[in-house]
Amino acid sequence: MNFSSYTDLHFFTPLFPKILYSQLRVYWKMAEQLKQQPAFVKINQLRPGAFGLNLTVKVVSSKAIMTRGRNGTQGRNMRLAECLVGDATGIVVFTARNDQVEAMKEGSTVILRNAKIDMYKGSMRLAVDKWGRVEVTEPAVFSVKEDNNLSLIEFELITVEE
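Residues numbered from 1 in each chain as written. Predicted model: local features only at pLDDT ≥ 70, side-chain atom pairs only at ≥ 80, totals over all residues. Heavy atoms only, no water.

1. A short note on the overall build of the chain
Part 1 of the argument: Within the chain, the secondary structure is distributed over two helices and six strands.
Part 2 of the argument: Sequence separation of at least 24 residues holds for 56% of the intrachain contacts in the chain that already meet a minimum separation of 6.
Part 3 of the argument: Roughly 11300 Å² of accessible area belongs to the chain as shown, and the carbon and sulfur atoms make up 55% of that amount. (Helix = DSSP H or I, 4+ residues; strand = E, 2+ residues; numbered from the N terminus. Contact = heavy atoms within 4.5 Å. Areas by Shrake-Rupley, 256 points an atom, 1.4 Å probe, with all protein chains shown as cover.)

Here it is, written out as structure tokens:
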């Protein structure tokens with residue numbers, strides 16, 4: 001069955017009490033909201049503290065920073081790489097961790113899902129934690145605007161007393 005609105009649920013009324021019917025409408029509305037397509041943002045729209053971001057970017061450069069074992073020699077190796085990623089509006093530094101490092105090859109196009117902005121020494125860094133995904137996709141048709149590097153902008157947190 002295909003329910004296009006709340007009125008399509010009218011056939012449940014004789015089967016369930018009124019309370020259950022209203023709960024069905026609430027659950028149905030929640031299910032419709034979950035099916036929404038993700039909203040993609042551009043690099044120039046990034047701001048400090050932003051989270052839940054979806055971006056399609058090209059990898060301009062990638063540099064391995066660190067490879068070390070956790071807790072000495074036991075456990076998995078932890079790998080970090082700083083990558084410069086961008087789109088048609090600008091570039092930003094992306095910190096790739098562990099399995100994300102393989103996806104961040106120079107020249108590849110990736111989709112960053114549920115990304116966030118971390119602040120490091122006053123500048124913005126894009127990151128994807130364990131709740132997000134880094135997916136390699138087919139090459140994008142845009143050219144990267146390298147003269148707008150958002151990671152070079154230094155931010156300062158100012159507390160305002162009232």
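So, next bit.
2. Considering the pairing of strand β2 (residues 77–87)
Part 1 of the argument: Sheet analysis places β2 next to strand β3 (residues 90–97), joined by eight bridges and oriented antiparallel. Following the sheet pairing, Leu-80 is matched in β3 by Arg-97.
Part 2 of the argument: Remark: two residues form the turn of the hairpin made by β2 and β3, two consecutive strands paired antiparallel. (Pairing = 2+ DSSP bridges.)

3. Brief notes about the layout of surface pockets
Over the atoms rolls a probe the size of a water molecule, and its path tells where empty space is left.
Part 1 of the argument: The computed volume of the largest pocket comes to approximately 160 Å³.
Part 2 of the argument: Lining the largest pocket are Ile-65, Leu-80, Ala-81, Glu-82, Thr-95, Arg-97, Asp-118, Tyr-120, Arg-125 and Ala-127.
Part 3 of the argument: At the level of elements, β2, β3, β4 (109–120) and β5 (123–127) are the ones that each hand at least two residues to the lining of the largest pocket.
Part 4 of the argument: Per-element accounting of the lining of the largest pocket gives the leading share, three residues, to β2. (1 Å grid on protein atoms, 1.4 Å probe; cavity = no way out; pocket = protein on both sides within 12 Å on 5 of 7 lines; lining within 4 Å. Points joined across faces, edges and corners; volume = space filled by probe spheres on them.)

4. Concerning the pattern of salt bridges
Part 1 of the argument: Within this structure, the stated rule accounts for seven salt bridges.
Part 2 of the argument: One salt bridge in this structure joins Arg-125 and Glu-82, with 2.5 Å as the shortest N-O distance. Here Arg-125, found in strand β5, pairs with Glu-82, found in strand β2; they are 43 residues apart in sequence, far enough to count as distant.
Part 3 of the argument: Judged by relative accessible area, Arg-125 falls into the buried class, the value being 15%.
Part 4 of the argument: Given a relative accessible area of 28%, Glu-82 falls into the partly exposed group.
Part 5 of the argument: Two residues, Glu-135 and Arg-113, come together in a salt bridge whose shortest N-O distance is 3.2 Å. Here Arg-113 lies in strand β4 and Glu-135 lies in strand β6 (residues 133–137), a separation of 22 residues in the sequence.
Part 6 of the argument: For Arg-113, a relative accessible area of 25% puts it in the partly exposed group.
Part 7 of the argument: Counted as one network, the salt bridges with shared partners bring together Arg-79, Asp-99 and Glu-102. (Salt bridge = Lys/Arg side-chain N within 4 Å of Asp/Glu carboxyl O. Buried < 20%, exposed > 50% of the residue type's maximum accessible area, 1.4 Å probe, protein only.)

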